[in-house]
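Listed below, chain by chain, are the residues.
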Amino acid sequence: MTGVPAAPYTTRTVVDERDRAACFQVRKEVFVGEQNVPEEIEYDAYDADAVHVIAVAADGSALGTGRLLHGAAALAKTGGDLTVGSLGRLAVTKEARGLGVGVALVRAIEDAARELGLAAVDLHAQTRALGFYERLGYLAYGPEFPDAGIAHRAMRRAL
């Protein structure tokens, strides 16, 4: 009998500083390096209490990350609803795009939201990424708005 090949990556909730640093490095590579987001606005006070998730290759290298804001930290992004979390800072390295890493990270964030007892997840999607999130069950609402000089739309998915 042949063995099942190992998955090319796994996702998990960040539990230590090493993972956290890897998440921040992916964000720096994607948002600061590729999308020219000023580094001083990429990292914020929300990072301290957010639930961070990471996708890691079999060799241990970080392929992607995302975060979930909840409770008071999410209120400004969710219209003041404590039952809704806010998915953000979703980033996948250039080398890992097309492998399903983004989908796996979104689902891991949704799982974390369920564990926290949240009823829905909101996000602010770059307008060029609307189709990606729509395929995952998110619905856009409200007008387009700029964030870090990039056009975005708010989206929500009930859990």
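Preceding block: the structure.
What comes next concerns the included structure. Just so we're clear, the structure is a prediction, and the values are computed from it rather than from any experiment. (Residues numbered from 1 in each chain as written. Predicted model: local features only at pLDDT ≥ 70, side-chain atom pairs only at ≥ 80, totals over all residues. Heavy atoms only, no water.)

**Side note on helix H1 (residues 17–34)**
Rules: Here a strand is any run of E in DSSP of at least two residues, a helix any run of H or I of at least four, and the numbering for each starts at the N terminus. Each helix should span, by expectation, one fewer than its residue count multiplied by 1.5 Å. For the exposure calls, accessible area comes from a 1.4 Å probe over protein chains only, and a residue counts as buried if that area is under 20% of its type's maximum, exposed if over 50%, partly exposed in between. Contacts were defined at the residue level, with two residues in contact if any of their heavy atoms lie within 4.5 Å. Identification of polar contacts relies on pairs of N or O atoms within 3.5 Å, with a donor-acceptor requirement for protein atoms, meaning one able to donate a hydrogen and the other able to accept it, and with residues adjacent in sequence counted only if both atoms are side-chain atoms.
For H1, spanning 18 residues, the distance from its first C-alpha to its last is 24 Å, which sits close to the expected 26 Å at 1.5 Å a residue. Along H1, the positions that sit buried rather than exposed are Asp19, Arg20, Cys23, Val26, Arg27, Val30, Phe31 and Val32. Here the buried face of H1 lies against strand S1 (9–13), helix H2 (39–42), strand S2 (51–57), strand S3 (62–69), strand S4 (84–92) and strand S5 (120–126). A distance of 3.2 Å separates the backbone nitrogen of Arg18 from a side-chain oxygen at the start of H1, and that oxygen is part of Asp16. A positive backbone phi angle near 60° is found at Asn36, which sits one or two residues after H1.

**Overview of the sheet that holds strand S7 (residues 150–158)**
Inclusion rule: In this description, strands pair whenever DSSP reports at least two bridges between them. Axes here refer to lines fitted to C-alpha atoms; in helices the fit is confined to the stretch in contact. Angles between the N-to-C directions go from 0 to 180 degrees.
Read from one edge to the other, the open sheet built from seven strands follows the order S1-S2-S3-S4-S5-S7-S6, with strand pairing classed as mixed. Edge positions in the sheet fall to S1 and strand S6 (139–147), since each has one partner strand and no second. For this sheet, the mean angle separating the axes of adjacent strands, direction not counted, is 25°. In this structure, S2 lies alongside S3, joined through six bridges in antiparallel fashion. Along S3, the bridge assignment pairs His52 with Arg67. On the sheet, H1 packs against S1, S2, S3, S4 and S5 and is oriented at approximately 80° with respect to S2.

**Considering the environment of Glu110**
Within the element layout of this structure, Glu110 appears in helix H3 (residues 101–115). Residue classification places Glu110 among the buried residues on the basis of a relative accessible area of 1%. Expressed as a C-alpha distance, the spacing of Glu110 and Arg157, which sit 47 residues apart in the sequence, is 9.3 Å. Leaving out residues up to four positions away in the same chain, Glu110 has contacts with Tyr138, Arg157 and Leu159.

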